[in-house]
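Observations on the three-dimensional arrangement
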Amino acid sequence: MNERDKTTVSRMIAIYCRSKHRSTSGICEACKLLENYARLKLEKCRFGESKPSCKICPIHCYKPDMKEQIRTVMRYAGPRMIFHYPFAAIMHLFNGRKSGRRFK
Ligand SMILES: [Zn+2]
């Protein structure tokens, strides 16, 4: 498991929730579920530290609806994290480095 990835996911969900769901303290229940799910997936990922980006991962471990949700969060929060985190590190999570496509 990768602590940096988990922190990144949590921060992105928090950014998303604050502006989209207008939550004032912490994140809402729905986002909490999504966060737990995403963190669990990172933890259970059998590739561990050498994990490839999820997009090129041969094992599509996300349920389709959760995948859609996390992608929505990434699309929204990704560009807003650029000042706090190395952009490449974030994009690596859900985009293959070899692929030039983003969030298609
Ligand atoms: Zn929310």
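Here's a quick rundown of the structure. (Residues numbered from 1 in each chain as written. Predicted model: local features only at pLDDT ≥ 70, side-chain atom pairs only at ≥ 80, totals over all residues. Heavy atoms only, no water.)

1. Description of the coordination of the zinc ion
Looking at the zinc ion, the protein donor atoms are C17 (SG), H21 (ND1), C28 (SG) and C31 (SG), and they sit 1.9 to 2.3 Å from it. Geometry at the zinc ion is tetrahedral, judged from its four donor atoms and the angles of 103 to 122° they form at the metal. One chain supplies every donor for the zinc ion, spaced along it as C-x3-H-x6-C-x2-C. Residue C17 is found in helix 1 (residues 3-20), and its partner C31 is found in helix 2 (residues 29-44); the two are separated by 14 residues along the sequence. Its relative accessible area of 3% is what places C31 among the buried residues. (Donors = N, O, S within 2.8 Å, 3.2 Å for Na, K, Ca; no water. Tetrahedral: all angles 85-135°; square planar, octahedral: opposite > 155°, others 65-115°. Helix = DSSP H or I, 4+ residues; strand = E, 2+ residues; numbered from the N terminus. Buried < 20%, exposed > 50% of the residue type's maximum accessible area, 1.4 Å probe, protein only.)

2. Observations regarding helix 2
With 16 residues, helix 2 extends 22 Å between its outermost C-alpha atoms, agreeing within 8% with the 22 Å of an ideal straight helix rising 1.5 Å per residue. Turning to helix 2, its buried residues are C31, L34, E35, Y37, A38 and L42. Projection of helix 2 onto a plane perpendicular to its axis shows the buried side chains occupying an angular sector of 165°, all on one side. Those residues of helix 2 that are exposed and aimed more than 90 degrees away from the buried face are E29, L33 and K44. (Expected span 1.5 Å × (residues − 1). Arc of directions from axis to C-beta.)

3. Looking at the environment of L42
By the element assignment, L42 lies in helix 2. L42 sits in the buried class, given a relative accessible area of 6%. For the pair L42 and E3, spaced 39 residues apart in sequence, the C-alpha separation works out to 9.1 Å.

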